[in-house]
Amino acid sequence: MNEPLVLGIESSCDETGVGIVRGTTLLANVIASSMDQHAVFGGVVPEIAARAHLEALRGTLSAAVTEANIRIDDLDAIAVAAGPGLAGALMVGVGAAKALAVSLGKPLYGVNHLVGHVGADVLREDGGEIELPTVALLVSGGHTSLLLVRDLVTDVVLLGETIDDAAGEAFDKVARLLKLPYPGGPHIDRVAIDGDPNAIRFPRGLTLPKDLVNHRYDFSFSGLKTAVARYVETADAVSIPDVAASFRESVADVLTRKAVDACREHGVTRLLLGGGVAANARIRALAAERCAENGIELRVPPLALCTDNGAMIAALGAHLVARGVAPSSLDFPVDSTLPVDTVRV
Amino acid sequence: MILAIDTSLGTSVAVVGGDIVTESATLDTRSHAEHIGEFIDRVITDSGLTPADVTTVVVGIGPGPFTGLRVGIAAGVAFAFGQGIPVLGISSHDAVAVGVDACTVVTDVRRRELAWTSYRNGVVVAGPGLTTEATLASDVDLTEFPEVRAGTISAAMLAAAAQQRIDRGDDLSSVAPLYLRAPDATPSNGPKRVSG
């Protein structure tokens, strides 16, 4: 089965996503987000996210099937994000996916959300196969992970990840310090345009030689956030554009430096960006610049496939079906800390 | 043929219709997402049926601990979507009140709270509401509506309760959970100071 028709469900954080693919062809990608409901809290509230998933479930399923213009009986398999993510949120998608699979008599694949972000790259418009090996830098409000992917099914290695805040979380927290709205990323991007990225030298987390010994490809943004807070509280005159630009520069610098270093050390000539923070203009620009300097091909899927979505889950599911990987058993649990080397639970 | 699902306490799934009553259940209150798929598959298969034989899905909409409760409702919605059939929601307490003249159904919703609903002949007369062990007797008229403490909800009884309510002409189209509690979150008061 080279072109399996797969429906994918994603509910690991605040986006309810249902996507449908045929092999590597995107047929539908419907997303309902509860982001606005979290704004007043300054971050994702798990219980609010889980409630919103259940409310959005029927509508997103229905819209995806309509958009794809398929008969659901024609599906070859159902795929669902089994983790990592918020347990209560994941359970809504997993409960639905299991029942849908039984209802339709189709095999079910519980898949890794983070590997799904890598799988999104197969949905490229030119329809080509995913090119491996690649290093993948996945950056969102919940994750900051650097992966080395030699094979989407059998060889995904976690090179490093954040040891405290996710990069997107740091953007949200710094935005609050600067009295900018949630989510912080786009707003910091907006005000940073008028700022000087070199105005303030904020720390670059885990880049000192002593840190690199144990945390070569790990990230830390908690100290950066505190440094920004201290600066904002103590500086005589605070230029919000300069703070935003300088903070963003620190994040972009560390992320792209470590990602490019990983490519060089492992002799890999591809870097894939994924996750919502891949929308950040400076991170994209600096990644492009540094990749070009080092002869690395930079791939950034369209934004709707970078943020959490069901299409990437469906794409990974379709890849597993095409490779002849057996489906999951029906009794798998959600795993909020599912490791990246478990591609299918 | 009704497929009934309740995950407000443990996980209970049943197929009910004609001569068939097949139920699969566990008391485990922390493994709804693990069991739900197998239980649905099992009750249909063990009844000698296929998913296409199910004509209506009924889900218990609580009250109950939220995380597990949502698993059953999500499953019911998705199963019905797959078959293009209706999904109906009724209170999980309705399943306990079936065939009882007057009662107050009481269940544990964690955090040292109890959920209660008072019924006369299967019809809600008060509640659903939240209370505690200490305040149950003062909050609720347990004399006229004696307490029935339920540690499990039977999906087969849920199907029976749903059938009675369908026959009465009740609108059961909402499957929104009976949360009875707002999400546990308070808006931020702004960032904490980090400098002395």
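Details of the structure are given in the entry above.
Some points on the overall build of chain A
And then number 1: On a plain count of helices and strands, chain A comes out with twelve helices and ten strands.
And then number 2: Taken over the C-alpha trace, chain A has a radius of gyration of 20 Å; the compact-globule value for 345 residues is 20 Å, and the two agree within 12%.
And then number 3: Counting only C-alpha atoms and orienting by the principal axes, one finds that chain A spans roughly 65 × 45 × 35 Å.
And then number 4: Buried residues in chain A amount to 60% of all 345 residues.
And then number 5: Long-range contacts, defined as pairs at least 24 residues apart, comprise 73% of the intrachain contacts of chain A with a sequence gap of at least 6.
And then number 6: For chain A, the exposed surface amounts to about 12,400 Å²; the carbon and sulfur share of it is 50%.
And then number 7: The averaged location of the 42 negative side-chain charges in chain A is 2 Å from the averaged location of its 29 positive side-chain charges.

So, the sheet that holds strand S8 (residues 123-131) of chain B
Residues and elements named next belong to chain B.
And then number 1: Strand order in the open sheet formed by four strands is S8-S7-S6-S9, and the pairing between neighbours is mixed. Of all the strands in the sheet, just S8 and strand S9 (147-149) have a single pairing partner and so form its edges. Each strand axis lies, on average, 20 degrees off the axis of its neighbour in the sheet, ignoring direction.
And then number 2: Note: strand S6 (residues 102-108) against strand S7 (residues 114-120), seven bridges, orientation antiparallel. When the bridges of S7 are listed, Asp108 appears paired with Leu114.

Describing the interface of chain A and chain B
And then number 1: Across the contact, 37 residues belong to chain A and 39 residues belong to chain B.
And then number 2: Our count for the contact surface shared by chain A and chain B stands at two salt bridges.
And then number 3: In this structure, Glu233(A) and Arg193(B) form a salt bridge, with 3.6 Å as the shortest nitrogen-oxygen distance.
And then number 4: Of all the secondary-structure elements, those providing two or more residues to the side of chain A that touches chain B are helix H2 (46-68), helix H3 (87-104), helix H5 (167-177) and helix H8 (222-234) of chain A.
And then number 5: Element by element, the count of residues in the side of chain A that touches chain B is highest for H3(A), at twelve residues.
And then number 6: A breakdown of the residues in the side of chain A that touches chain B according to their chemical character gives 23 nonpolar, six polar and eight charged.

A short note on the nonpolar core
And then number 1: Core analysis: the biggest nonpolar cluster contains 98 residues, and Leu7(A), Leu3(B), Ile40(B) and Phe79(B) have the highest contact counts within it.
And then number 2: Two domains each provide a minimum of three residues to this core, namely domain 1 (5-124 + 305-322) and domain 2 (134-300) of chain A.
And then number 3: Once residues lying within four places of it in the same chain are set aside, the contact partners of Ile40(B) are Ala99(A), Val102(A), Leu3(B), Ile5(B), Val13(B), Ala75(B) and Phe79(B).
And then number 4: In this structure, Val139(A), Tyr217(A), Ala287(A) and Cys291(A) belong to the second largest nonpolar core, which totals 49 residues.

A word on empty space enclosed by the protein
Residue and element names in this part refer to chain B.
And then number 1: Under the definition given, this model contains two cavities of 30 Å³ or more.
And then number 2: Taken as a whole, the largest cavity encloses approximately 40 Å³ of empty space.
And then number 3: Every residue lining the largest cavity is listed: Asp94, Val98, Gly122, Ala161, Gln164, Arg165 and Arg168.
And then number 4: A total of four residues in the lining of the largest cavity trace back to one element, the largest contributor, which is helix H5 (residues 155-168).

Digging into the packing of H2(A) against helix H2 (residues 66-83) of chain B
And then number 1: It is at 11 Å that the axes of H2(A) and H2(B) come closest, and there the two elements cross at 5 degrees. Classified by the angle their axes make, H2(A) and H2(B) are roughly parallel. Taken together, the residues of H2(B) that come into contact with H2(A) (itself represented by Glu47(A), Ala50(A), Arg51(A), Leu54(A), Leu57(A), Arg58(A), Leu61(A), Ser62(A) and Val65(A)) are Phe66(B), Arg70(B), Ile73(B), Ala74(B), Val77(B), Ala78(B) and Phe81(B).

A word on the pattern of salt bridges
And then number 1: Counted by the stated rule, this structure contains 29 salt bridges over all chains.
And then number 2: In this structure, Asp151(A) engages Arg323(A) in a salt bridge whose closest nitrogen and oxygen atoms are separated by 3.0 Å. One end of the pair, Asp151(A), is in strand S7 (residues 144-151); the other, Arg323(A), is in the segment after helix H12 (310-322), and 172 residues separate them in sequence.
And then number 3: With a closest N to O distance of 2.2 Å, Glu113(B) and Arg181(B) form a salt bridge. Taken together, the residues span a long stretch of sequence, with Glu113(B) in the loop between S6 and S7 and Arg181(B) in the segment after H5 at a distance of 68 residues.
And then number 4: Using a relative accessible area of 22% as the deciding quantity, one classes Glu113(B) as partly exposed.
And then number 5: When salt bridges with common partners are traced through the structure, they connect Asp121(A), Glu131(A), Arg270(A), Glu297(A) and Arg299(A) into a single cluster.

Rules behind the numbers
- Residues numbered from 1 in each chain as written.
- Chains lettered and ligands numbered in written order.
- Predicted model: local features only at pLDDT ≥ 70, side-chain atom pairs only at ≥ 80, totals over all residues.
- Heavy atoms only, no water.
- Helix = DSSP H or I, 4+ residues; strand = E, 2+ residues; numbered from the N terminus.
- Rg over C-alpha atoms; globule rule 2.2 N^0.38 Å.
- Buried < 20%, exposed > 50% of the residue type's maximum accessible area, 1.4 Å probe, protein only.
- Contact = heavy atoms within 4.5 Å.
- Areas by Shrake-Rupley, 256 points an atom, 1.4 Å probe, with all protein chains shown as cover.
- Lys, Arg positive; Asp, Glu negative; His and termini not counted.
- Charge placed at Lys NZ, Arg CZ, Asp CG, Glu CD.
- Pairing = 2+ DSSP bridges.
- Axes fitted to C-alpha atoms, helices over the stretch in contact; angles between N-to-C directions.
- Salt bridge = Lys/Arg side-chain N within 4 Å of Asp/Glu carboxyl O.
- Nonpolar A, V, L, I, M, F, W, Y, C, P; charged D, E, K, R; others polar.
- Core = buried A, V, L, I, M, F, W, Y, C linked by side-chain atoms within 4.5 Å.
- Domains from an automatic or database assignment.
- 1 Å grid on protein atoms, 1.4 Å probe; cavity = no way out; pocket = protein on both sides within 12 Å on 5 of 7 lines; lining within 4 Å.
- Points joined across faces, edges and corners; volume = space filled by probe spheres on them.
- Parallel < 35°, antiparallel > 145°, perpendicular 65-115°, else oblique.

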